[in-house]
Amino acid sequence: MAVPRAKTAKAVTKRRRGVNMHLDAPNLVPCSNCGNLVMQHRVCPKCGFYRGRQVIRPDVN
């Protein structure tokens, strides 16, 4: 069984792992009713529509 010659530094380990640990931008799509950009599979906060039906009443301020 292989044995490492020296301990791997924390900085080396974190640098290697950190390359793939980055945040992706949210995938925004236009609302089919009002055109507002919303996340996929979420109710539009502006008009309250989801899949062509109004499911919530938006705040009117």
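Residues numbered from 1 in each chain as written. Predicted model: local features only at pLDDT ≥ 70, side-chain atom pairs only at ≥ 80, totals over all residues. Heavy atoms only, no water.

A. Expanded view of the overall build of the chain. Secondary structure assignment for the chain yields one helix and four strands. Along its sequence from the N terminus, the chain presents helices and strands in the succession α-β-β-β-β. Taken over C-alpha atoms, the radius of gyration comes to 23 Å for the chain, far larger than the 10 Å a tight globule of 61 residues would show. Across the chain, contacts joining residues at least 24 apart in sequence account for 0% of those joining residues at least 6 apart. (Helix = DSSP H or I, 4+ residues; strand = E, 2+ residues; numbered from the N terminus. Rg over C-alpha atoms; globule rule 2.2 N^0.38 Å. Contact = heavy atoms within 4.5 Å.)

B. Region of the structure containing unusual backbone geometry. Here His41, not a glycine, exhibits a phi torsion of approximately 60°, which is positive. One can find His41 in the loop between strand E2 (37-39) and strand E3 (49-50). Phi is positive for Arg51, which is not a glycine, with a value near 55°. Among the secondary structure elements, Arg51 is positioned in the loop between E3 and strand E4 (53-54).

C. Quick look at the state of the cysteines. Counted according to the given criterion, the structure contains zero disulfides. Unpaired in terms of disulfides, Cys31 finds its nearest cysteine sulfur in Cys47, a separation of 3.7 Å. Unpaired in terms of disulfides, Cys47 finds its nearest cysteine sulfur in Cys44, a separation of 3.6 Å. (Disulfide = S-S within 2.5 Å.)

D. Expanded view of a nonpolar patch on the surface. A contiguous nonpolar patch, built from Leu28, Leu37 and Met39 and spanning about 280 Å² of accessible area, is present on the exposed surface. Summarising the element assignment, Leu37 is placed in strand E2. (Patch = residues over 30% accessible without salt bridge, like charges linked within 9 Å, V, L, I, M, F, W, Y side chains within 5 Å. Areas by Shrake-Rupley, 256 points an atom, 1.4 Å probe, with all protein chains shown as cover. Salt bridge = Lys/Arg side-chain N within 4 Å of Asp/Glu carboxyl O.)

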